[in-house]
Structures are given as C-alpha cells and as structure tokens.
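# Architecture at a glance
Each chain is listed here by its residues.
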Amino acid sequence: MAFPKQLLQKWKSFKSWLFYLGYAPHAYVYSRTRDRLEREYAPPPTSEGFDQPGKLLQAEPSERGARFYFEQAELDITFLTADLVRLSWQPGIPPVPYGIARQEWDAVETTLEETTEGWALFSQGEGATKVTVSFEGSIKFYGSEGQLLRTELPPKLEGESWTHQAELLPDEGIYGLGERAAPLNLRVPRKIVEKDKTTFSRSYRMWNFDAAGKYSPGSDPLYICIPVYLGLHRQGSYLVFYENTFEATFSFEDTATAAFTGGALRYYFAAGTPDQLVERYTELTGRSPLPPRWALGYHQSRWGYETEEAVRTTAKGFQEHNLPLSAIHLDIDVQVDYRAFTIDPDRFPKLPEFIKELGELGVQFIAILNPGIKYSRKSHLFLEGRLLDAFCKYPDGEIAIAPVWPGLTVFPDYTHPAVRKWWSRQYAYLLDVGVAGFWHDMNEPAAFVAWGDRSLPKPMLHYMEGRGGTHLEAHNVYGLMQSKAGYESLCQNQPHQRPFIVSRAGWAGLQRYAWTWTGDIEGSWEALRQTISTVVGLGLSGIPYSGPDIGGFQGNPSAELYLRWFQMSTFLTFYRTHSSVEADHRTPWTYGEPTLSIIRELLKLRYRLMPYFYTLAWQASQKGYAPVRPLFWADPSDLNLWGVADAFLLGDSLLVCPVLEEGGRSRQVTLPKGNWYDFWNGNLLEGATEVDLDAPLETIPVLVKAGSILPMEDYQQLTLHLYPPVQGNCETSVYSDAGDGYGEWRLDHFQLIRFEHGLDLIWQEEGEFPFPYTSIQIQVHGFELQQMWVDDVEVECEGNQWKGDRFQKIYLKGN
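Residues numbered from 1 in each chain as written. Predicted model: local features only at pLDDT ≥ 70, side-chain atom pairs only at ≥ 80, totals over all residues. Heavy atoms only, no water.

## Comments concerning the side chain of Arg-504
Structurally, the position occupied by Arg-504 is in the loop between strand S31 (501-503) and helix H11 (525-540). On the basis of relative accessible area, Arg-504 is assigned to the buried category, the value being 2%. At 3.2 Å, the side chain of Arg-504 and the side chain of Asp-210 are in polar contact. Among the polar contacts made by the side chain of Arg-504, one reaches the side chain of Glu-444 at a distance of 2.7 Å. (Helix = DSSP H or I, 4+ residues; strand = E, 2+ residues; numbered from the N terminus. Buried < 20%, exposed > 50% of the residue type's maximum accessible area, 1.4 Å probe, protein only. Polar contact = N/O pair within 3.5 Å; in protein donor to acceptor, adjacent residues only side chain to side chain.)

Listed below in structure tokens is the structure:
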C-alpha cells in the first residue's frame with residue numbers, strides 16, 4: 001500500500017516542478033535585470049563618516065529632554081514618558097513614522113545636570129529614568145531604582161550607514177526581533193544546516209523575506225523583521241526599538257550591534273518589567289483591536305481546494321464528524337489565473353449563496369490576496385493603476401515588473417496615500433458577496449527569481465508619503481502598508497463589523513491592522529519545537545495573534561506529529577491547519593482513530609475556553625500583552641526561566657507544556673514560583689523547581705497557577721474554575737460583548753479571598769451588555785468543600801461544585 005502513495009507524492013512533486021519551470025525564463029530575465037539595476041544605482045564609495053561622533057561641544061535642555069552637539073553629530077533625547085525615551089542621532093534621513101501610532105504625549109519634567117564625565121538627564125515621576133551622555137558619545141541608562149540597565153558605545157557612521165552598539169552582560173538574554181526561526185533567547189546561536197554543513201550564528205538580517213515554500217529552524221530572515229528587542233539581566237529588563245525601516249543586520253555577541261544601510265539613527269529605550277515594556281512599546285506602535293470572536297475559533301485551510309464542491313465537502317465533513325469550525329481559508333488556486341481580487345466564477349458559480357450556506361454552518365469564508373497586479377492590458381486593475389500612476393518604478397521611470405503567480409506582475413506603491421485609497425476600494429465587491437476576511441500573502445513583496453534576493457530591486461522608487469525613497473527603505477513596510485489599506489477598507493465598507501486580516505509580512509505596528517502566521521515551516525518535530533520560540537518572539541515584538549500551519553506547510557506529518565502539533569496549537573491564538581498543494585489533504589479525520597477522537601476533544605476544549613481567550617484578546621487591545629507569553633513573564637528574576645523555550649504561558653493562569661519529541665509520553669518542565677495545579681487531574685505541584693509530567697498520546701500537559709479563576713463555557717453556562725491561592729486573594733475579569741461590532745460590553749470582576757477555613761468569592765459587574773449566560777457553575781479545585789452560602793443563604797452543593805444563578809458573594813467553607 002505504501003508504493004501507490006509514494007508514487008502519488010512523486011507525481012505531485014513532478015507536477016510542481018513542471019509548473020515552476022514555466023516561470024523559469026521570466027525569473028532568469030528578472031534576476032539579471034535586478035542585479036544590473038543594483039549595480040548601476042549602487043551608492044558610490046565614500047570616506048565620509050566617523051568612528052566616533054567626536055567630542056561633546058555643547059548641551060542644552062529642551063522641553064522634554066536635551067540636545068547634545070558633538071563635533072560631527074547631534075543627539076536629541078526626548079522623554080515621551082518618565083520611562084520611555086526617544087534618541088535621535090543626526091545626520092540621516094528622518095523616518096516616515098509608519099510604525100508610530102501615538103504622536104502626542106503628556107508633559108514630562110526633566111532635569112539636565114553636568115557631571116565629571118559628561119551630562120546626566122533625569123525624568124521625574126513614576127518609573128523615573130536617568131540617561132547619561134559622556135563627552136565621547138557613550139550613553140548609559142539607569143532604572144527607577146538607580147540600577148544600570150544598558151551601556152551604549154559611541155555610534156559609527158560610514159556614508160549613510162549607522163552602526164550602533166551596546167555592551168551585553170555575560171548572562172543577559174535578548175528576545176524579539178519579530179519573526180525568527182531561532183532560539184527564544186537570540187544570544188543562543190541558531191543552528192544552520194546547509195548541504196550537510198552545520199554552522200552557528202548570532203546574526204539576524206532585517207529584510208522581510210519569502211521562504212519560497214519551505215524553511216527550517218535556523219533559517220534567517222523570515223517574513224516579519226522588526227528592529228525591537230527586550231534585554232533581560234540580573235539588574236532588570238529594558239526594551240530598545242529602532243525606528244528605521246532600512247535593511248540592517250543585528251548581532252548579539254559580547255555587544256549588541258545594529259548596522260543599518262541608511263536612514264537616521266533613531267531609537268526608543270524603555271525601562272521596566274517585561275509586561276511594562278510591552279505595554280509601553282504598544283502604546284508607541286499601537287495595539288491590536290479586539291477581533292471578532294469567531295476568529296479565535298478553529299480555521300481550516302489548504303492550497304488545493306480549487307472548487308466550491310471541495311470546500312463544501314470539507315465544511316460538511318466537520319459537521320458530520322461533530323467538529324466545531326469557525327472559518328475556511330481559500331488559497332490562490334480559487335482565483336482566475338492567480339489574479340488579485342478574483343474568485344473563479346466557473347468553479348464558484350453561486351458564490352453569495354455558497355457563502356451564506358457556510359454561514360448557516362457557522363463557518364466564515366476567508367479569501368487570499370496577493371499584492372501584485374498582472375501586467376496586462378486585459379486587466380482592469382492594471383489599467384486603473386496605470387492611469388493613477390500607482391505602480392512602483394525603476395529610477396529610469398519604467399514600471400517595475402517581476403514574475404510572480406499571475407506571470408509578469410506590477411506592484412502598487414502602498415507608500416502613496418492615493419494608491420492605498422485606490423487599493424482599499426477593490427475589497428468592496430468581495431465584501432458585498434459575503435467574504436468575511438482576507439489573507440494577505442506574498443507581500444514582503446516576493447518575486448520569483450533564478451538566484452539572489454526574492455524581492456524587488458533595492459533602487460526601485462517609492463513615494464514615501466511625498467518625501468521619496470527607494471525600496472531599500474520601503475521594503476520592510478510594504479506588507480504593513482498593504483495591511484493598512486485593507487484594514488481601512490474593511491472599516492469603511494463594514495463599519496459595524498470588526499476587520500479580520502492575516503498578513504504574511506509586516507513591520508512594527510502590523511498589530512494595528514492584521515494577524516499573522518509562521519509561514520511555510522517544514523513538517524518536522526524540530527519545526528514543532530521551533531514554533532514556540534517564533535510565536536513567543538512575535539508576541540514580545542508587539543504582535544499578539546499568530547500561529548503555525550498545524551502539521552507544517554510542507555510534508556506529510558505522521559499521525560503522532562500532527563496530533564502533538566494540534567495539541568499545542570489549541571492554546572495559541574491563531575488556530576489553523578494549512579498545507580501545500582504538494583502535501584496530502586490534511587483534516588482532523590485524515591488519520592482516523594484514535595487521532596480523530598482526541599482532536600475532537602481538543603476542539604471542544606478550545607471553544608469551552610473561549611471566555612478566557614476572548615478576555616485575553618480584550619486585554620491585548622487595552623495593554624498590548626500577547627496572550628502567549630514566555631515563562632519568565634511570570635517571574636523575570638528567576639534565571640532558570642530565561643532560557644525555557646519548550647513551554648509557554650497562556651495568559652497568567654495556564655502553563656502549556658507541549659510534547660515535542662516523537663514517542664514522548666512524559667516530559668520535564670521548569671515551573672515558575674508559586675503553586676500549580678494539573679489541569680487534568682487537579683494534583684498540586686510546588687513551583688520554582690523542575691517536575692516530570694505524564695503525557696500519554698491523548699494528553700498535552702497543562703498546569704493552572706494557584707490563585708486563578710479560570711472561566712470556561714458550556715453552551716449557555718459560564719463555569720468558574722476556582723484554583724485557590726495558598727494564602728491571600730486573587731482576582732480576574734471576564735469580558736463579554738456581542739462578539740462583533742462596537743456596541744455595548746461588560747466586564748464581570750471576580751475576587752477570590754482565602755481564609756483559614758474558607759473562601760469568599762465576590763462578583764462585581766461593569767458595563768451595559770446583558771449577562772450572556774443563562775446559568776453559572778462554580779467548580780472548586782484543591783479545596784475540600786463542606787458548606788456553601790450564596791448571598792448569605794446556605795445552598796446544597798454536589799461534591800466541589802455548585803450550579804445556580806447570578807450572585808454578589810459566595811462563602812465556601814472547607815479546607
């Protein structure tokens with residue numbers, strides 16, 4: 001039986017090879033054109049610049065900070081808040097503020113004082129920070145308790161290229177930089193395997209990159225490169241964000257080095273705990289709006305559905321197997337010759353009726369969209385774009401053309417407001433027929449090449465909001481600005497619905513407009529492990545909604561690998577199976593039993609956890625915290641947690657420990673401080689230690705922090721799972737609204753207070769939205785319940801649970 005399957009796989013690979021072969025001539029010609037342009041328009045060699053900015057000649061206070069004048073450079077330091085500082089070195093091209101969401105800030109009092117080594121600048125208020133500038137241009141940052149957090153060396157300038165360095169402490173961890181197939185701590189070398197050769201690197205490129213269908217752990221760069229990182233050491237933690245979109249290289253050895261190819265050296269420094277840092281960073285770059293509630297459910301996708309009947313069969317398969325499903329994503333094979341904003345009417349002959357049919361099953365229809373437009377006078381989008389002068393051009397004024405899925409393709413310049421407005425109008429008719437959201441792909445932007453960089457020539461021109469610039473500067477924000485255009489279209493065309501966009505590429509601030517996924521990861525156990533670091537790193541970079549193609553984009557995972565991947569993804573925000581056209585069709589029932597039954601229970605658990613997920617989504621919109629967090633989030637002072645990359649927190653209450661090895665039936669995990677309950681059996685575990693957890697095939701180890709109130713739902717019943725603290729109290733809030741739109745909302749605040757022989761549970765309500773449940777159940781864990789009073793009336797309870805109506809206060813007696 002194996003031979004026919006292997007033969008089929010070879011046939012699929014051969015068909016793909018023939019398919020791509022058709023693009024080869026165009027890819028060859030384009031690659032030669034790209035290389036020629038980059039040679040012809042390369043900046044001339046220059047000896048201008050400096051190794052140091054020279055001596056400090058003058059310092060003067062400003063409204064929110066100070067300005068420093070060196071022999072060869074100027075430095076402006078501005079406090080946006082007491083613990084958030086903007087530093088701008090000149091000369092250089094000031095950035096277009098694509099990544100910045102907040103421009104106006106409350107006043108901050110600052111004091112400038114001369115010292116024996118230079119100058120000291122102090123902020124006043126909560127989180128007060130001290131910045132010192134030496135006579136040679138080195139800078140030090142001190143936290144609110146006077147501790148030294150970061151030491152920077154004087155910057156270097158060669159031509160238009162700035163290099164910025166900071167000393168790293170021996171045990172300092174570095175986290176972030178957007179989407180990376182690397183260890184969670186970026187100071188740990190990433191392993192690179194190429195043609196049986198293994199190397200290691202701590203260097204990372206800032207250049208959004210198409211992985212061309214498949215990547216492995218260690219690959220760099222990926223699709224979303226963000227020049228932001230969090231530093232964590234014994235003295236505290238800090239965050240640095242460079243507002244520079246030019247291509248750059250970051251490395252982390254004894255020093256942290258950021259080397260940009262152009263632009264000004266403008267960056268932001270924030271001091272605080274990891275949660276405070278993410279809050280500050282997203283206050284600066286923007287926060288994710290609350291998504292529609294359905295988006296937190298399960299999504300099914302594959303490249304290869306092609307027809308309405310294939311999609312219908314899949315949707316009905318979920319219904320027949322009693323599997324919940326929230327959305328189906330359609331890949332490029334449903335388009336007309338891979339053209340943007342098309343769905344083939346021959347293969348989807350009654351699209352509005354079909355989308356309505358899916359809606360009756362509770363399933364949303366998501367359409368794919370690539371940024372390029374087919375270079376053809378038969379394309380109305382091409383003709384419109386030509387009249388608008390909407391497409392990117394080479395320095396000689398010719399339209400830039402590159403081969404992508406539609407064939408020869410032109411590229412809208414999303415750095416032009418009029419082009420974004422034109423692009424926004426194109427979504428309307430698909431929204432009118434019922435499309436619920438869009439999947440932006442290939443928007444690094446990607447091009448088919450015979451060799452070299454899989455994108456557009458670096459000298460290509462962009463509008464840059466009227467200032468002008470090249471692709472060297474605009475490349476990393478191309479996907480961001482496409483997402484902005486799409487988001488604004490959905491807001492304008494459907495003002496009473498929340499937009500849903502998933503974008504493969506982006507930059508700082510992408511979270512304002514779109515979710516993302518981890519792209520074309522291979523289907524392997526190593527890739528499963530890598531996914532945790534990638535998703536957590538994205539969250540620390542401000543992007544709270546991400547997840548992998550369950551099972552990997554390429555390859556055919558075994559039943560065990562797919563199941564373990566599904567288990568992990570049940571606790572990630574973007575919950576989607578997707579695969580390549582070359583892979584076998586992959587659904588929860590593909591592998592038969594017992595895999596199907598186990599996945600059914602996982603899906604049901606995900607939807608039972610929806611009150612918890614939805615509240616975390618609301619919290620992300622308010623504070624910027626990603627729901628998926630590193631373990632050190634719980635206790636940044638615990639050095640043992642800094643390198644944990646095989647487990648993660650979901651909110652503050654759940655610790656998720658995926659099984660990442662083939663045949664694994666148990667695993668170890670390092671616990672943060674405090675006590676932790678086993679989610680499945682209620683056993684109590686002591687924290688700040690390493691423990692062994694059972695993990696049979698049907699189980700993913702999950703722990704609940706003692707001192708948690710975990711909300712879950714069963715149909716119209718809200719169940720509060722109480723995990724009492726050993727002492728003291730704990731509280732949580734549950735956010736509710738209509739699940740979409742911008743109407744009324746409510747917050748139900750619950751406080752749990754522990755006494756020597758009992759517990760008080762207090763409920764306070766906020767907001768005008770009606771309580772969405774018909775009943776409420778209390779389930780107590782790790783506590784032997786003896787008696788119970790609801791609003792001073794004794795009630796009967798069964799075991800450790802009680803079911804009833806709304807209340808103000810419950811007293812639970814027991815131990």
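## Overview of the pairing of strand S45 (residues 758-767)
The sheet contact formed by strand S44 (residues 745-755) and S45 spans 10 bridges and is antiparallel. When the sheet's bridge partners are listed, Gln-751 is paired in S45 with Ile-762. Counted between consecutive antiparallel strands, the loop separating S44 from S45 contains 2 residues. As judged from the 5 bridges shared by S45 and strand S50 (residues 809-814), these two strands associate in the antiparallel manner. (Pairing = 2+ DSSP bridges.)

## Structural notes on the packing of aromatic side chains
What the rule picks out here adds up to 57 aromatic pairs. Measuring from ring centre to ring centre gives 5.5 Å for Tyr-242 and Tyr-267, while their planes differ by 35°; the resulting arrangement is tilted. Of this pair, Tyr-242 sits in strand S18 (residues 236-242) while Tyr-267 sits in strand S21 (residues 265-271), and the two are 25 residues apart along the sequence. The burial state of Tyr-242 is the same as that of Tyr-267; both residues are buried. Ring geometry for Tyr-298 and Phe-318: centres 5.8 Å apart, planes at 35°, overall tilted. Taken together, the residues span a long stretch of sequence, with Tyr-298 in strand S22 (residues 298-302) and Phe-318 in helix H4 (residues 308-320) at a distance of 20 residues. (Phe/Tyr/Trp six-rings, centres within 6.5 Å; stacked < 30°, edge-to-face > 60°.)

## Points about the pattern of salt bridges
Evaluation of the coordinates by the stated rule reveals 40 salt bridges. The salt bridge partner of Arg-150 is Glu-152, with a shortest N-O separation of 2.8 Å. Residue Arg-150 is classed as buried on the basis of its relative accessible area, which comes to 2%. Ionic pairing is found between Asp-760 and Lys-809, a salt bridge with its closest N-O pair at 3.5 Å. Of the two residues, Asp-760 is situated in strand S45 and Lys-809 in strand S50; the sequence distance between them amounts to 49 residues. (Salt bridge = Lys/Arg side-chain N within 4 Å of Asp/Glu carboxyl O.)

## Considerations on helix H13 (residues 595-608)
When the terminal C-alpha atoms of H13 are compared, their 20 Å separation across 14 residues agrees well with the 20 Å that a helix rising 1.5 Å per residue should span. Buried within H13 are the following residues: Thr-595, Leu-596, Ile-598, Ile-599, Arg-600, Leu-602, Leu-603, Leu-605 and Arg-606. Contacts made by the buried residues of H13 are with S22, helix H12 (559-569), strand S32 (575-577), helix H14 (610-623) and strand S41 (708-714). (Expected span 1.5 Å × (residues − 1). Contact = heavy atoms within 4.5 Å.)

## Here's the deal with the pairing of S22
Buried residues dominate S22, accounting for 5 of its 5 residues. Burial along S22 is two-sided: Tyr-298, Gln-300 and Arg-302 and His-299 and Ser-301, pointing in opposite directions, are all buried. Across 3 bridges, S22 lies against S32 in parallel orientation. Each residue of the ladder has a partner; that of His-299, found in S32, is Arg-576. Across 4 bridges, the pairing between S22 and strand S23 (residues 327-330) is parallel. Across the sheet, residue Ser-301 finds its bridge partner in S23, namely His-329.

## Section: the side chain of Asn-208
Along the chain, the position of Asn-208 falls in the loop between strand S16 (203-206) and strand S17 (225-233). Using a relative accessible area of 1% as the deciding quantity, one classes Asn-208 as buried. Reaching out from Asn-208, the side chain makes a polar contact with the backbone oxygen of Gly-506 at a distance of 2.9 Å.

## Some details on the sheet that holds S31
The strand order across the open sheet built from 6 strands is S31-S28-S24-S23-S22-S32, with neighbouring strands paired in parallel fashion. What marks the edges here is a single partner per strand, and that holds for S31 and S32. On average, each strand axis in the sheet is tilted by 20° relative to the strand beside it, whichever way the strands run. Across 4 bridges, the pairing between S23 and strand S24 (residues 364-369) is parallel. Bridge assignment links Leu-330 to a residue of S24, and that residue is Ala-367. The strands touched by H4 within the sheet are S22 and S23, with S23 carrying the most contacts at an inclination of about 155°. (Axes fitted to C-alpha atoms, helices over the stretch in contact; angles between N-to-C directions.)

## Points about unusual backbone geometry
At the junction of Gln-90 and Pro-91, the peptide bond is cis and its omega measures out at 20° in the coordinates. By the secondary structure assignment, Pro-91 is in the loop between strand S5 (84-90) and strand S6 (110-114). At the junction of Asp-220 and Pro-221, the peptide bond is cis and its omega measures out at 0° in the coordinates. Relative to the helices and strands, Pro-221 is located in the loop between S16 and S17. Of note, Ala-212 is a non-glycine position whose phi angle comes to about 60°, a positive value. Overall, the relative accessible area of 49% leaves Ala-212 in the partly exposed class.

## Considerations on H12
Burial within H12 is extensive, with 10 of its 11 residues counted as buried. Turning to H12, its buried residues are Glu-560, Leu-561, Tyr-562, Leu-563, Arg-564, Trp-565, Phe-566, Gln-567, Met-568 and Ser-569. The elements touched by buried residues of H12 are S22, H11, S32, H13 and strand S34 (648-650).

## Concerning the packing of H11 against H12
Closest axis-to-axis distance for the H11/H12 pair is 10 Å, and the angle between their directions is 5°. In this view, H11 runs roughly parallel relative to H12, as classed from their interaxial angle. Counting all contacts with H11, which are made through Trp-525, Ala-527, Leu-528, Thr-531 and Ile-532, the residues of H12 involved are Glu-560, Leu-561, Arg-564, Trp-565 and Met-568. Within the contact of H11 with H12, the residues separate by chemical class into 7 nonpolar, 1 polar and 2 charged. (Parallel < 35°, antiparallel > 145°, perpendicular 65-115°, else oblique. Nonpolar A, V, L, I, M, F, W, Y, C, P; charged D, E, K, R; others polar.)

## Regarding the nonpolar core
In this structure, Phe-241, Phe-365, Trp-423 and Leu-655 are the most contacted members of the largest nonpolar core, which totals 181 residues. Broken down by element, the residue count for this core peaks at 8 residues, all from H11. With near-sequence residues (within four places) excluded, Phe-365 lies in contact with Ile-328, Leu-330, Ile-343, Phe-348, Leu-351, Phe-354, Ile-355, Leu-358, Val-435, Ala-436 and Gly-437. Formed by 46 residues, the second largest nonpolar core is a distinct cluster that contains Leu-56, Ile-77, Cys-225 and Phe-269. (Core = buried A, V, L, I, M, F, W, Y, C linked by side-chain atoms within 4.5 Å.)

## Some details on the environment of Gln-777
If you trace the backbone, Gln-777 turns up in strand S46 (residues 775-780). Gln-777 gets classed as buried once you look at its relative accessible area, which sits at 14%. Separated by 58 residues in the primary sequence, Gln-777 and Thr-719 place their C-alpha atoms 4.5 Å from one another. Ignoring sequence-local partners within four residues, the contact set of Gln-777 consists of Gln-717, Leu-718, Thr-719, Leu-720, Gln-801, Trp-802 and Lys-803. Only 3.2 Å separates the side chain of Gln-777 from the side chain of Gln-717, close enough to count as a polar contact.

Functional significance is not addressed by these values, which are geometric in nature.
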